[in-house]
Amino acid sequence: MSFSDSGSSSYGGDYKNFRQITRERLLCEMLRPERNGSSKLTWKVLVMDKFTVKIMSSACKMSEITQEGISLVEVITKHRQPMTAMEVIYFIQPTEENVTAFLSDMTGKSPLYKKAFVFFSSPVSRSLVNLIKKDMRAMKRIGGLKEMNLEYISMDIQGFVTNNENALEELFCDDENHQRADACLNVVAKRIATVLASLKEYPFVRYRGAKALDATTMTTYRELIPAKLAASVWNCLARYKQTIEDFPQTETCELLILDRSIDQIAPLIHEWTYDAMCHDLLNMEGNKYTHEVPSKTGETPEKKEVLLDEEDAIWVELRDAHIADASERLHEKMTNFVSKNKAAQLKHSSKDFGDLSSKDLQKMVHALPQYSEQIDKLSLHVEIARTINRTIMEQGLRDLGQLEQDLVFGDAGRKDVIKFLSTNHIISHESKLRLIMIVAAIYPKKFEGEKGRKMMELAKLSGDDVVAVNNMRLLGPVHTECKKSTTGSFPLKFDVLKTKRAARRDRVGETQTWQLSRFYPIVEELVEKLSKGHLPKQDYPCMNEPKPTFYSGSLSPSASPVLPHSRRTPTWARRHLSDDGYFSDSVLGRASSGFKRKGQRIFVFIVGGATRSELRVCHKLTEKLDREVILGSSSFLDPQTFLTKMKKLNEEEEISLDDIVI
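No experiment lies behind these values; they were computed from the predicted model shown. (Residues numbered from 1 in each chain as written. Predicted model: local features only at pLDDT ≥ 70, side-chain atom pairs only at ≥ 80, totals over all residues. Heavy atoms only, no water.)

Trainee: Which residues make up the overall build of the chain, and what values do they have?
Mentor: Counting its regular elements, the chain contains 25 helices and 15 strands. Relative to its full complement of 662 residues, the chain shows a buried share of 52%. Here the analysis covers contacts within the chain between residues at least 6 apart in sequence; of these, 79% occur between residues at least 24 apart. (Helix = DSSP H or I, 4+ residues; strand = E, 2+ residues; numbered from the N terminus. Buried < 20%, exposed > 50% of the residue type's maximum accessible area, 1.4 Å probe, protein only. Contact = heavy atoms within 4.5 Å.)

Trainee: Explain the sheet that holds strand E14 (residues 602-607) to me, and be specific about the residues and the numbers.
Mentor: Sheet architecture is open: 6 strands sit in the order E6-E7-E15-E14-E9-E8, paired in mixed fashion. Only two strands of the sheet have a single neighbouring strand rather than two, namely strand E6 (153-156) and strand E8 (203-207). On average, each strand axis in the sheet is tilted by 25° relative to the strand beside it, whichever way the strands run. Here E14 pairs with strand E15 (residues 629-633) via 5 bridges, running parallel. Note that in E15 the partner of Phe 605 across the bridge is Gly 632. Across the sheet, helix H8 (residues 179-198) is in contact with strand E7 (159-161), E8, strand E9 (253-259) and E14; its angle to E14 comes to roughly 160°. (Pairing = 2+ DSSP bridges. Axes fitted to C-alpha atoms, helices over the stretch in contact; angles between N-to-C directions.)

Trainee: Describe in detail the sheet that holds strand E3 (residues 83-92), supporting the description with residues and values.
Mentor: Within a beta sheet, neighbouring strands are joined by backbone hydrogen bonds and run either parallel or antiparallel to one another. Strand order in the open sheet made by the 5 strands is E2-E1-E3-E4-E5, with parallel pairing throughout. Looking at strand neighbours, the two that pair on one side only are strand E2 (70-75) and strand E5 (142-147), the edges of this open sheet. The sheet shows a mean angle of 20° between the axes of neighbouring strands, taken without regard to direction. One ladder, built from 7 bridges, connects E3 with strand E4 (residues 113-120); its direction is parallel. By the bridge assignment, Ile 92 is partnered in E4 with Phe 120. Each of strand E1 (44-48), E2 and E3 is contacted by helix H2 (residues 50-59), which is oriented at about 115° to E1, the strand it contacts most.

Trainee: Any chance you could break down the confidence of the model for the chain for me, citing the residues and the numbers?
Mentor: Summary statistics for the chain give a mean pLDDT of 83 and a share of 78% for residues scoring 70 or more. Segment residues 1-13 is flagged for pLDDT under 50; beyond a separation of four residues in sequence, or across chains, it makes 39 contacts in the model. Predicted confidence for residues 486-498 stays below pLDDT 50, and this span has 10 contacts to residues more than four positions away or in other chains. (pLDDT = per-residue confidence, 0-100.)

Trainee: Tell me about the pattern of salt bridges, and name the residues and values.
Mentor: For the structure shown, the criterion picks out 40 salt bridges. Its salt-bridge partner being Glu 68, residue Arg 32 comes within 2.8 Å of it at the nearest N-O pair. With Arg 32 in the loop between helix H1 (18-31) and E1 and Glu 68 in the loop between helix H3 (62-67) and E2, this pair connects stretches of sequence that are 36 residues apart. For Arg 32, a relative accessible area of 42% corresponds to the partly exposed category. You can call Glu 68 buried: its relative accessible area is 8%. (Salt bridge = Lys/Arg side-chain N within 4 Å of Asp/Glu carboxyl O.)

Trainee: Can you tell me about the nonpolar core, naming the residues and giving the values?
Mentor: With 150 residues, the main nonpolar core has Met 56, Leu 229, Ile 388 and Met 437 as its most contacted residues. The contacts of Met 56, once residues within four sequence positions are left out, are Leu 26, Met 30, Leu 31, Leu 46, Met 48, Ile 65 and Phe 91. (Core = buried A, V, L, I, M, F, W, Y, C linked by side-chain atoms within 4.5 Å.)

Trainee: Please provide a residue-by-residue account of the packing of H8 against helix H9 (residues 225-243), values included.
Mentor: Packing of H8 against H9 brings their axes to within 8 Å, and their N-to-C directions diverge by 45°. In terms of their interaxial angle, H8 and H9 are classed as oblique. Of the two possible hands of crossing, H8 and H9 adopt the one that is right-handed. Along the contact surface, H8 presents Asp 182, Leu 185, Asn 186, Val 188, Ala 189, Lys 190, Ile 192, Ala 193, Thr 194, Leu 196 and Ala 197, while H9 presents Ile 225, Lys 228, Leu 229, Ser 232, Val 233, Cys 236, Leu 237 and Tyr 240. Looking at the contact of H8 with H9 residue by residue, the class counts come to 13 nonpolar, 3 polar and 3 charged. (Parallel < 35°, antiparallel > 145°, perpendicular 65-115°, else oblique. Left-handed = near helix turned anticlockwise from the far one by under 90°. Nonpolar A, V, L, I, M, F, W, Y, C, P; charged D, E, K, R; others polar.)

Trainee: Pulling in residues and values, what's your account of the packing of aromatic side chains?
Mentor: Counting across every chain of the model gives 11 aromatic pairs. The interplanar angle of 45° and the centroid separation of 5.7 Å between the aromatic rings of Phe 18 and Phe 160 together place this pair among those described as tilted. Separated by 142 residues along the polypeptide, Phe 18 in helix H1 and Phe 160 in strand E7 bring together distant segments of the chain. The same class applies to Phe 18 as to Phe 160, namely buried. (Phe/Tyr/Trp six-rings, centres within 6.5 Å; stacked < 30°, edge-to-face > 60°.)

Trainee: Go over helix H15 (residues 397-408) with me, naming the residues and quoting the values.
Mentor: Compared with an ideal rise of 1.5 Å per residue, which puts 12 residues at 16 Å, H15 spans 16 Å between its outermost C-alpha atoms and is within 8% of the ideal. Counting buried positions along H15 gives 9 out of 12 residues, so the element sits mostly inside the fold. Gly 410 sits one or two positions beyond H15 and adopts a positive phi of about 80°. (Expected span 1.5 Å × (residues − 1).)

Trainee: Got a sec to walk through unusual backbone geometry? Specific residues and values, please.
Mentor: Even without a glycine there, the phi angle at Lys 200 is positive, about 55°. Examined against the element boundaries, Lys 200 turns out to sit in the loop between H8 and E8. For Lys 200, a relative accessible area of 16% gives the class buried. The backbone phi angle of Lys 460 is positive, close to 60°, even though this residue is not glycine. Relative to the helices and strands, Lys 460 resides in the loop between helix H19 (450-458) and helix H20 (463-470).

Structural data, given as structure tokens:
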């Protein structure tokens, strides 16, 4: 018996997106039984650990898992009843704890299962291989062992996380002991490599280089994070080239490794797209939204949980739209639905059921299932948009949003912030903190000392808030440019020029259809430069420098020049209305039908957390550049999570007397 590699299944000739490939590997390569010419399913048990449960649930539905012959899903750490007549599939991380539990299941006088097929999520160490080989009782009951090399959670058709929720704290704290940070980077690197292994991609590995102020300045550990991560990923890929069958031996794509310090403003600023607003202003848990629906008994409203994901066609269409645009489109959809769906027409007409003809009744019965399903979905999103717009008004977010964007683009300064805080009394405490942190990022030197302290006092920040503001320094300085404006058209004195700092420049050739859509994350600019071959080599070195001819084949006509923003969602992400006023099925199917690969993939990984705005620009650039842009991160950050992390960034771990060795 030998460990087989993670050779990819045959996915056919059609191009599949990132999430589809992940799903098919799990279902076809791991779960699909060998029927040996028989049409009868052999039912099996599926055992996973806590992390692989997340991997599986992010890519596959329970119904799909059942269709592949899985009758029961169990967690390896929990007590399980013996099922000695059934075979079992283990999908687990290669840890000593998991391997020990697996061997315990399959040994003894009464093993839990008849035969085991074990799939490890990442490469197995030699010590664990030897541990398994030594247990001859378990070996007799093992039907197969395989390294799947699939250890990431797909968050979106173009987004994944490595599930390292504490990466920001572990990497950017002031702790001089870097063992914990090194361990974190090694885990992240291993999981990034499994993404590339799953997609059979071998990248040019670029990373953000460290910037020393001068020859006498020492480079800090934090400045070396992208370089260290790039080196670890490179080592993992070198192993895959040797061990995985059909793994590319030459470069097929590009990988850009960054960290959260690349853009400190993106996690703080109010982003005005539907997706970002939902995660910012609503109490969501991941993609789960809880809302109230009328009770069937007519009593107290019931709470209902819904998922805002790719299975929801309206969400796919509107998630990257400006909230004003999303609200308009929802109104149009509701009007169109009522006008075209027969059940809706009859419900809103003045006719009594007794006055309906048999033909009308037949049309109504035919339209009822679609009416019930679609009116629920439409009503949900109308309610969400209404809640968001009400919150915007109640918290004065329009004026705040304008100030935030003016600050970022150098059209406002500290005095404007002081005036705003002195006169505006309806914005929330959290919004004040976010505003102050943006100022601290743009004006780090001027924010030190008395001036910064007075501004924080004006905002009435708490002690924890002040810690969060001060911890912005750990993410390093934001690159800014001087922006000068005059008090008149022709000043008589040169010293009346007012200098402000700009953290962004307006995009040349781009127009904003909607107010407050001026802001863009730095990632957008970097990916466009990368695609054109214009990314500065001294700032973004490459582990395996490409030949000059590499870019000539990857450029498309749409890569240059910069095109204007479109206020409409790409057609591949949109579901169309039928004549009856309801949407067609198979969101991912429709997406893939229009999602054709026209260039090499671009992977962007941000260690320390990524934002919704950064995922949005990956959707946008995929269409614009004709290249699938995939965003990865250690975790996804909403503003509240980022604030919590910044407050705890330098917090010392609690210890007990038991930790002290005497």
